[in-house]
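Working through the structure, step by step
Next come the chains, spelled out residue by residue.
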Amino acid sequence: MLTEENDIRPTYDTLRAISDRKAQLLKEIRKDSKQINTLRQQLFSKPTALTPSRKRKMGLQSMMSTGAGVLDGLILVWKLYRKFKK
């Protein structure tokens, strides 16, 4: 809630000051709009083709992930086997 004491609205004395402020705000809006459009294009653009070194990294990452999943599954099977063996 704003009171007269902490009301920090800018005051404009002339039409020229209002016009200058309007031009400044319009410039900021256009700059922000351009930045938003750039980010939107980056977000929805198709990914670039993978380079050979990046393909190797992705392959290694995939192998590590699969290996970790297999190891986790084997440990689970071993624990269940030991539990129900009795």
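Residues numbered from 1 in each chain as written. Predicted model: local features only at pLDDT ≥ 70, side-chain atom pairs only at ≥ 80, totals over all residues. Heavy atoms only, no water.

1. Let's talk about the overall build of the protein
- Scanning the protein from N- to C-terminus turns up two helices and zero strands.
- Per-residue burial over the protein gives 0% buried out of 86 residues.
- If you sum the accessible surface of the protein, you get close to 9,200 Å²; carbon and sulfur atoms cover 61% of it. (Helix = DSSP H or I, 4+ residues; strand = E, 2+ residues; numbered from the N terminus. Buried < 20%, exposed > 50% of the residue type's maximum accessible area, 1.4 Å probe, protein only. Areas by Shrake-Rupley, 256 points an atom, 1.4 Å probe, with all protein chains shown as cover.)

2. Let's talk about the pattern of salt bridges
- By the definition in use, this model includes one salt bridge.
- A salt bridge links aspartate 20 to arginine 16, with the shortest nitrogen-to-oxygen separation between them at 3.7 Å. One end of the pair is aspartate 20 and the other is arginine 16, both in helix H1 (residues 15–44) and four residues apart, which spans about a single turn.
- With relative accessibility at 39%, the residue aspartate 20 sits in the partly exposed group.
- According to the relative accessible area criterion, arginine 16 is exposed, its value standing at 60%. (Salt bridge = Lys/Arg side-chain N within 4 Å of Asp/Glu carboxyl O.)

3. Details of helix H2 (residues 52–84)
- Between its terminal C-alpha atoms H2 stretches 48 Å, which fits the 48 Å expected from 33 residues at 1.5 Å a residue.
- Among the 33 residues that make up H2, zero are buried, leaving the element largely open to the surroundings. (Expected span 1.5 Å × (residues − 1).)

4. Focus on a nonpolar patch on the surface
- Side chains of Tyr12, Leu15 and Ile18 sit close together on the surface and give an oily, nonpolar patch of about 320 Å² of accessible area.
- Inspection of the secondary structure assignment puts isoleucine 18 in helix H1.
- When its relative accessible area of 42% is taken as the criterion, isoleucine 18 is described as partly exposed. (Patch = residues over 30% accessible without salt bridge, like charges linked within 9 Å, V, L, I, M, F, W, Y side chains within 5 Å.)

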